[in-house]
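Report on the structure
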Amino acid sequence: MPSTLHIGLFVLGAVLVIIGFVGGNFKLFGAEFSSTVSNPFLRFSAIALGIFLIILAIGLNEPVPTTQQPPVQDPQLIADEWFNEGKKLENEGKCQEAIKAFRKAIKSIDASQEFCLMCTYKHKGDCEFKLNQIDEGIASYNLAAQTARKAGRENDAQWFENEIKNRKK
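Residues numbered from 1 in each chain as written. Predicted model: local features only at pLDDT ≥ 70, side-chain atom pairs only at ≥ 80, totals over all residues. Heavy atoms only, no water.

The protein has the name Tetratricopeptide repeat protein in an unreviewed UniProt entry, where Anabaena azotica FACHB-119 is given as its organism.

Concerning helix α1 (residues 4–22)
Across its 19 residues, α1 extends 27 Å between first and last C-alpha, which sits within 8% of the 27 Å expected from 1.5 Å per residue. Taken together, the buried positions of α1 are H6, L9, G13, V15, L16, V17, I19 and G20. Directly beyond the C-terminal end of α1, a positive phi value near 90° is found at G23. (Helix = DSSP H or I, 4+ residues; strand = E, 2+ residues; numbered from the N terminus. Expected span 1.5 Å × (residues − 1). Buried < 20%, exposed > 50% of the residue type's maximum accessible area, 1.4 Å probe, protein only.)

So, helix α6 (residues 134–150)
With 17 residues, α6 extends 24 Å between its outermost C-alpha atoms, agreeing within 8% with the 24 Å of an ideal straight helix rising 1.5 Å per residue. Of the surrounding secondary structure, the elements contacted by the buried residues of α6 are α5 (114–130) and α7 (154–168). Just downstream of α6 lies G152, where phi reads positive at about 80°. (Contact = heavy atoms within 4.5 Å.)

Points about the side chain of D126
Relative to the elements of secondary structure, D126 occurs in helix α5. Side chain to side chain, D126 and K122 meet in a polar contact 2.5 Å long. When residues no more than four places from it in sequence are discounted, the contact partners of D126 are E90 and Y141. (Polar contact = N/O pair within 3.5 Å; in protein donor to acceptor, adjacent residues only side chain to side chain.)

Describing the confidence of the model for the protein
Per-residue confidence for the protein gives a mean pLDDT of 82, with 79% of residues at or over 70. Element-level pLDDT for the protein is lowest in strand β2 (residues 31–36), with a mean of 66, against a maximum mean of 92 in α6. (pLDDT = per-residue confidence, 0-100.)

Points about the packing of aromatic side chains
By convention here, two paired aromatic rings are described through the distance between centres and the angle between planes. Using the criterion set out here, one finds five aromatic pairs in the structure. Measuring from ring centre to ring centre gives 5.3 Å for Y141 and F160, while their planes differ by 80°; the resulting arrangement is edge-to-face. Here Y141 is found in helix α6, whereas its partner F160 is found in helix α7, with 19 residues between them in sequence. Pairing W159 with F160 gives two aromatic rings, centres 5.1 Å apart and planes at 80°, and the pair type is edge-to-face. Residue W159 is classed as partly exposed on the basis of its relative accessible area, which comes to 38%. One aromatic cluster is present, built from ring pairs that chain together F129, Y141, W159 and F160. Over the ring of F129 we find R167; its NZ or CZ atom is 4.0 Å from the centre of that ring. (Phe/Tyr/Trp six-rings, centres within 6.5 Å; stacked < 30°, edge-to-face > 60°. Lys NZ or Arg CZ within 6 Å of the ring centre and 35° of its normal.)

See the structure below:
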């Protein structure tokens, strides 16, 4: 919708064009322009300025094209969503689906988020053990232990190693 500025520029431009062509002695919306402009330079200037103002008013009315970027999702939020989905599925006993969700979480987690990775590997391993996929579970627990060490969580790393020993028996 045009603003008051756009309308004002357009009307002023139109009046100047009319003055330039007619030279005066006319009425417009009750306003009387009685003086006559006989100087050709002034009439030409009025037409030029009027056309400029009309073009300016129309040009200002054009919407500025914008390029919309899709919203960027935080990878950590995506990882959290997959982790939470995996936990929910694990609690429902749907371990096969939970493992898939945990894998997606692992792919989304930033490598600097060692604690999140460790927890995800642990829950993935838990599901693998529940499905009697012992080798896969041990591999997940090994990754959890390595990640725990990188995070400076030696007690957690030792816990995973003890669990691995118990599972191998």
